[in-house]
Amino acid sequence: DAGVTQSPTHLIKTRGQQVTLRCSPKSGHDTVSWYQQALGQGPQFIFQYYEEEERQRGNFPDRFSGHQFPNYSSELNVNALLLGDSALYLCASSRSPGLADQETQYFGPGTRLLVL
Amino acid sequence: DAKTTQPTSMDCAEGRAANLPCNHSTISGNEYVYWYRQIHSQGPQYIIHGLKNNETNEMASLIITEDRKSSTLILPHATLRDTAVYYCIVRVAIAGGGADGLTFGKGTHLIIQP
C-alpha cells in the first residue's frame, strides 16, 4: 500500500519565478492538504482540496494556488516567488467525508524549495 | 481549534519510558487530541489520537485526563530512533463532515540519550 508521495524532493528557483509541486495521496484517500514548514517552525496549513475544489484555506496570499485532479492527486503552484517562500512543502492526504476517525491526515516526505 | 502548550524539549534515557505532556485547557467537547512526530527533515508521522478514553497502539499510549484539559503521550521503551519533534494537536472532528487543516505549534523536541 503506497503512502503519500511528493515530487520533486528538492528544487531551487530564483525570485520572481513560478513553481509547481506535486502530490499523490495514499491509496483510498480523496482529500489533499498542503502545508508550508519554514526552518525551525511547525507546519503551517495552506489549503485543502476535496472533489477537485478548494475546501478550506489558511492565511496565505493568492500567489499560492492549487489543483486537484480526478485521480485525487494534487498540485501546489506558487507564483512570483519570494526569498521567504523557501521552506519544506508538505502534502497530507485523508479520507472524507466520514466519521472523524477516518479523517486522520498522513503526510508525505515533502519537497524542499530554495528560492535564491 | 483549541491551543496546546508543550515543553520545548525533553531528554529520556534509551530503554526507559518517555512521557510527553500536553496542556489543552480550552479544549471543547467535540475536539480530538492528535499526536504526530517529525524526525529531522522528514514529513510528520501520525502516532495516535483520542477523544476522552485512553488509547494504545503499536507505537504509543495516549492518556487523557478526565477533565480533558491535558494529555500525556507515552513511548513505553524509547530507542534512539524516537528522537524527534513531537506535536500535540487539538482538532475539531465533525462526523460526516469535512476534515480541516491541522494547527501545529512548535512541539517538544525529545532527545533519547544512549
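Cut-offs applied
Here the residue index of a chain counts from 1 through its sequence in written order. Chain letters and ligand numbers both follow the written order, the letters beginning at A and the numbers at 1. The predicted nature of this model means local features are confined to residues of pLDDT at least 70 and side-chain atom pairs, given and counted, to a pLDDT of 80 or more, with totals for whole chains, interfaces and linings taken over all residues. Each side-chain value is worked out from all heavy atoms of the structure, with water and hydrogens disregarded. Two strands pair under a simple rule: DSSP has to find at least two bridges between them. Numbered from the N terminus, helices here are DSSP runs of H or I no shorter than four residues, and strands are runs of E no shorter than two. What we call a nonpolar core is a set of buried Ala, Val, Leu, Ile, Met, Phe, Trp, Tyr and Cys residues that are connected through their side-chain atoms within 4.5 Å. Each residue gets one of three labels from its accessible area relative to the maximum for its type: buried under 20%, exposed over 50%, partly exposed in between, using a 1.4 Å probe on protein chains only. Any two residues whose heavy atoms approach within 4.5 Å are treated as being in contact. Throughout this description, a polar contact denotes any pair of N or O atoms lying within 3.5 Å of each other; where both atoms belong to protein, one of them has to be capable of donating a hydrogen while the other can accept it, and for residues adjacent in sequence the pair is counted only when both atoms sit in side chains. By definition here, a salt bridge exists when the distance from a side-chain nitrogen of Lys or Arg to a carboxyl oxygen of Asp or Glu is within 4 Å. Note on terminology: disulfide denotes any pair of cysteine sulfur atoms within 2.5 Å.

Participant: So what exactly am I meant to see when it comes to the sheet that holds strand β2 (residues 18-23) of chain B here?
Facilitator: Hydrogen bonding along the main chain pairs the strands of a sheet, whether they run parallel or antiparallel. Residues and elements named next belong to chain B. Spatially, β2-β7-β6-β5 is the arrangement adopted by the four strands of the open sheet, whose pairing is antiparallel. At either end of the open sheet lies a strand with only one pairing partner, and these are β2 and β5 (55-56). As judged from the four bridges shared by strand β6 (residues 61-64) and strand β7 (residues 70-75), these two strands associate in the antiparallel manner. Bridging across to β7, Leu62 finds its partner in Leu73.

Participant: Sorry, what's going on with the nonpolar core here?
Facilitator: Grouped together as the largest cluster of nonpolar side chains are 21 residues, with contacts concentrated most on Trp35, Leu73, Tyr86 and Leu110 of chain B. At the level of elements, β2, β3 (31-38), β4 (45-50), β6, β7, β8 (84-92) and β9 (108-113) of chain B are the ones that each hand at least two residues to this core. A per-element tally of this core places β8 of chain B first, with four residues. Other than its neighbours up to four places away in sequence, Leu110 of chain B contacts Met10, Cys12, Ala18, Leu20, Leu75, Asp82, Thr83, Ala84 and Tyr86 of chain B. Counting residues in hydrophobic clusters, the runner-up holds 19 residues, among them Ile46, Phe47, Leu81 and Cys91 of chain A.

Participant: Looking at this structure, I do not really get the environment of His10 of chain A. What am I missing?
Facilitator: Residues and elements named next belong to chain A. By the secondary structure assignment, His10 is in strand β2 (residues 10-13). Spatially, the C-alpha atoms of His10 and Leu88 are 9.0 Å apart, while their sequence positions differ by 78 residues. At a separation of 3.2 Å, a polar atom in the side chain of His10 contacts the side chain of Thr9.

Participant: How do you make sense of the pattern of salt bridges when you look at a structure like this?
Facilitator: It is possible for side chains bearing opposite charge to pair when their charged atoms get close. All names here are of chain A. Following the criterion strictly, the structure yields four salt bridges over all chains and no others. Among the ionic pairs, Arg57 bridges to Glu54, the shortest N-O distance being 3.0 Å. Note on Glu54: relative accessible area 35%, which makes it partly exposed. One salt bridge in this structure joins Asp85 and Arg63, with 2.9 Å as the shortest N-O distance. Here Asp85, found in the loop between β8 (74-78) and β9 (87-94), pairs with Arg63, found in the loop between β6 (53-57) and β7 (64-68); they are 22 residues apart in sequence, far enough to count as distant.

Participant: Explanation requested: the environment of Gln41 of chain A in the structure shown.
Facilitator: With respect to the helices and strands, Gln41 of chain A occurs in the loop between β4 (31-37) and β5 (44-50). When the C-alpha positions of Gln41 of chain A and Ile12 of chain A are compared, they lie 21 Å apart, and in sequence the two are 29 residues distant. The contact partners of Gln41 of chain A, leaving out residues within four places of it in the chain, are Tyr87 and Lys106 of chain B.

Participant: Looking at this model, I keep getting lost on the state of the cysteines. Mind explaining?
Facilitator: Defined simply, a disulfide is a covalent bond joining two cysteines at their sulfur atoms. Under the criterion given, the structure shown has two disulfides over all chains. Disulfide pairing places Cys23 of chain A opposite Cys91 of chain A at an S-S distance of 1.7 Å. Its S-S torsion of about -55° marks the bond between Cys23 of chain A and Cys91 of chain A as left-handed, since a negative value means left-handed. Taken together, the residues span a long stretch of sequence, with Cys23 of chain A in strand β3 (residues 19-24) and Cys91 of chain A in strand β9 at a distance of 68 residues. A relative accessible area of 2% places Cys23 of chain A in the buried class. Note on cysteine connectivity: Cys22 of chain B is disulfide-linked to Cys88 of chain B, with sulfurs 2.1 Å apart. Given an S-S torsion of about -80°, the disulfide between Cys22 of chain B and Cys88 of chain B has left-handed geometry. Of this pair, Cys22 of chain B sits in strand β2 while Cys88 of chain B sits in strand β8, and the two are 66 residues apart along the sequence. One exposure class covers both Cys22 of chain B and Cys88 of chain B, and it is buried.

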